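# Architecture at a glance
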Amino acid sequence: MSGKRRSFALAAAALAAAAMFALEWPTDRPEAASTFGTLSAGRFSTGMLVGSGDGLVRTAAAGDLAFVLDGDRLAGGFPSTLGAFVAVAHPQDLTTVYGRLKPGTLSTYLTTVRERDILGMALASDAGALTWFGVFDRAKDAWVNPLILLAPEKDAKDPVIRAVLLSNDERVYRLGEARTVRQGRYEVLLDATDPSGTAPGRAPYSVRLLVDGIERFACRFDSAVAPEGVRLFDPKDARTGPSFYDGRGYMRLGTLDLARGAAYLNVTVADFEGNARELAYQLAVE
Amino acid sequence: MTEEARKPLAAVALALAVLSYYFIAAGRLEPEFVLAPAWTANLDRAGSADAFATPATGAAASEAVALGFELGRFHGQVGPDGRILHVGLRDFRSAVSDGYVIPYDFDSDGLTVLDSVGAPSYEIKAPGAPWFSSGRLFLAGPEMGSVSEYSGSGELLWSLDFGAPISAFAADEGLAVAGLVDGTIVAIERDGSVALRTAPGGSRIEIILGLAVDSERGRIAAICGIDRQRFVLLTRTGGAYRVASHSYLSTDFRRPVSIRLSADGRHAWYEGATGIVVRQLEDGSESTLDLPSRDFTISEDPSRGLTYLLSRDAASATLVVVSPPDRVLGRYALPGADAFARAYGDLVFTGSSERLAAFAAGED
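Residues numbered from 1 in each chain as written. Chains lettered and ligands numbered in written order. Predicted model: local features only at pLDDT ≥ 70, side-chain atom pairs only at ≥ 80, totals over all residues. Heavy atoms only, no water.

Contacts between chain B and chain A engage 43 residues on the former and 40 residues on the latter. Between chain B and chain A, roughly 3300 Å² of surface is buried when both sides are summed, and carbon and sulfur atoms account for 59% of that area. It is B:Glu143, B:Asp161 and B:Arg254 that lose the most area in chain B upon contact with chain A, and together they represent 23% of the buried surface on that side. Where chain B packs against chain A, one counts four salt bridges. Put simply, A:Arg73 and B:Glu70 hold a salt bridge, and the shortest N to O gap is 3.4 Å. In this structure, the connection of chain B to chain A is made through 20 residue pairs in polar contact (both at pLDDT 80 or more). Those elements that provide at least two residues to the side of chain B that touches chain A are β5 (93-96), β9 (129-133), β11 (146-150), β12 (156-161), β13 (166-171) and β17 (205-214) of chain B. (Contact = heavy atoms within 4.5 Å. Buried area = accessible area lost by both parts, 1.4 Å probe. Salt bridge = Lys/Arg side-chain N within 4 Å of Asp/Glu carboxyl O. Polar contact = N/O pair within 3.5 Å; in protein donor to acceptor, adjacent residues only side chain to side chain. Helix = DSSP H or I, 4+ residues; strand = E, 2+ residues; numbered from the N terminus.)

See below:
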């Protein structure tokens, strides 16, 4: 199966799961402060941050309380980078994970939970109380973008493309400003975000790059897997792995060999609600 | 002989019988186990390491050996003679080994590793939370989704992403083992290659709650599953790991569970419903020590055949000296929930309530 087909298969599987199983937002604010795929601590996130107005974190669906870490260390002392967290096992092979909880507030006495049961308090931050929320598909060994399973956000804002760069060891061209570039091999870098409500730094849901009408990169943040010990959004495309973001947080869309003549680049960025931004560039290659 | 004449004779016979029993039948008393104080150091005198410049009395100093500690507001290293080599105030969290201290916060992008006298030794430019085990340095990656190992000079040795969040982790000199929320166990060799990826199963909800490893004997022990919960022992035979034994438990834990394997390979210690279970690996027989069992450590003195078991609850700790499997030789209360105890030669090195101390094990 080709990478693209596998990616579509995973997306289809995730969407199929969505059709069968829906989740409630885990807090009273149905809005993601950061989305699945957002750069976080040097890596892309496999969950999302959700604010809580009343500070409470609730179960997204009924299930079994499978794991409660009411502290920041596992047995034996191994540290938890999710802080205090809870995992709830649901039917349909899904597990929801609630991290960044305030130690001492977790509902350790529960064994089964109903939808909207209180699990604990979200940890306070400069941006208010925030919890980390992730959805894991046990049957497919894959993290699933929670937005697929949650009620839609109220989001009418288009994503923002802040920059598209052509970069190599010698020079960097910012498309839009540069209309003429030298021939050679370049890495395509994209600085894009999906602002929504008060959350400015979210990853978009999909990114697509066309060069001279041919698709050179396409990625949808539907799910993430780590079959060989390396996490990827697309199991057949190493570009969607840990190096997907560079040190500045730009998405690395791959390399291009530009020969003398004209080149047409088309970049499309969309969020999960379907709001999209598309930019086209015509370049003279010398 | 009249009845009256028999009474004195009976009294004399009874007295002789009592005396005979006292001298002939009485057994020799077992010598009593004692922990004799060797030295103490109060960390609340701290402010600078200069406060501890004077060596404490006790065993001869050994410049080469440092014992790492993490206690209350402090972390650092102390020599076996009680001389503090380095003490620092913990502004955030810290990871401590005998050679190094790493202060860290979950939001930091990099780590500065301090040596045993508190001087910067090397840096790790990666986000995550550090953890030392058996002299090895691991880094828990963001969102509990990965683990990396670094060398003693800060060089990345390997990194591994997991498909689900880590719910248990253990490591010794030869093997690192991660347990995941989806019930998978992943064993990782020193070179980062995956030696084992398996899901013990056997329960309605699969999850790994506790892990212990003994790479020398090729053993991995796990507390896993919910409805029903299991103890599982995996043993490496012919290059592959197989379930050597298992048993269903009466517990229904849904949180991390402490489990340890003894250095001599004879016992597994784990949290039970009513105390700490000591399981003999040879025949699967079990005994239970009536102690708070949620959070415990063991440290062993193989020369004396003793196990120092530190059992902690919310406010205090109890140091129990055990001759395995279940003969308790002594119990000592240690104030403070962050107390620790560790065997070092013929000493027991303890910390509690911002006070370090060493005791010499002996008999009275």
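Picking up where we left off.
Right, let's get into the nonpolar core. Buried together is how nonpolar side chains tend to be arranged in soluble globular proteins. Counting 97 residues, the largest nonpolar core has A:Leu166, A:Leu190, A:Leu265, B:Phe169 and B:Phe231 as the members making the most contacts within it. Both domains that meet at this core, namely domain 1 (3-148) and domain 2 (160-285) of chain A, each give it at least three residues. Not counting residues within four places of it along the chain, the set of residues in contact with B:Phe169 comprises A:Leu74, A:Ala75, A:Phe78, B:Trp131, B:Phe138, B:Val147, B:Ala176, B:Val177, B:Ala178 and B:Leu211. By size, the runner-up hydrophobic cluster in this structure holds 30 residues, among which are A:Val86, A:Leu110, A:Val135 and A:Leu149. (Core = buried A, V, L, I, M, F, W, Y, C linked by side-chain atoms within 4.5 Å. Buried < 20%, exposed > 50% of the residue type's maximum accessible area, 1.4 Å probe, protein only. Domains from an automatic or database assignment.)

All names here are of chain B. Spatially, β2-β3-β4 is the arrangement adopted by the three strands of the open sheet, whose pairing is antiparallel. The open sheet terminates on both sides in strands that have one partner only, identified here as β2 (67-71) and β4 (84-89). Within the sheet, the average angular offset between the axes of one strand and its neighbour, ignoring direction, is 15°. Note: β2 against strand β3 (residues 74-78), five bridges, orientation antiparallel. (Pairing = 2+ DSSP bridges. Axes fitted to C-alpha atoms, helices over the stretch in contact; angles between N-to-C directions.)

With a probe scaled to a water molecule rolled over the atoms, the places where space remains empty come into view. Size it by volume and the second largest pocket reaches roughly 1100 Å³. A:Leu49, A:Arg100, A:Ser125, A:Leu130 and B:Asp107 are, among the 39 residues lining the second largest pocket, the residues nearest its centre. Considering each element in turn, the lining of the second largest pocket owes the most residues, three residues, to strand β11 (residues 123-125) of chain A. Split by residue class, the lining of the second largest pocket holds 17 nonpolar, 12 polar and 10 charged. (1 Å grid on protein atoms, 1.4 Å probe; cavity = no way out; pocket = protein on both sides within 12 Å on 5 of 7 lines; lining within 4 Å. Points joined across faces, edges and corners; volume = space filled by probe spheres on them. Nonpolar A, V, L, I, M, F, W, Y, C, P; charged D, E, K, R; others polar.)

Residue and element names in this part refer to chain A. Counted under the stated rule, the structure contains 33 salt bridges over all chains. Here Arg202 makes a salt bridge to Asp194, at a shortest N to O gap of 2.9 Å. Exposure remark for Arg202: the relative accessible area of 1% places this residue in the buried category. Several salt bridges share partner residues, and in doing so they unite Glu153, Asp155, Asp194 and Arg202 into one network.

Bringing the pairing of strand β26 (residues 306-312) of chain B into the picture now. In the case of a regular strand, side chains alternate between the two sheet surfaces. Residues and elements named next belong to chain B. Among the seven residues in β26, seven count as buried, and that is most of the element. Here β26 shows no split at all, with Leu306, Tyr308, Leu310 and Arg312 on one side and Thr307, Leu309 and Ser311 on the other all buried. Pairing analysis gives seven bridges linking strand β25 (residues 295-301) to β26, with the strands arranged antiparallel. The residue of β26 that forms the bridge with Asp295 is Arg312. Where β25 hands over to β26, the hairpin turn is made up of four residues, of which Gly305 adopts a positive phi near 70°. Following β26, the chain reverses through three residues before pairing antiparallel with strand β27 (residues 316-323).

Keep in mind that these numbers describe shape and distance, not what the molecule does.
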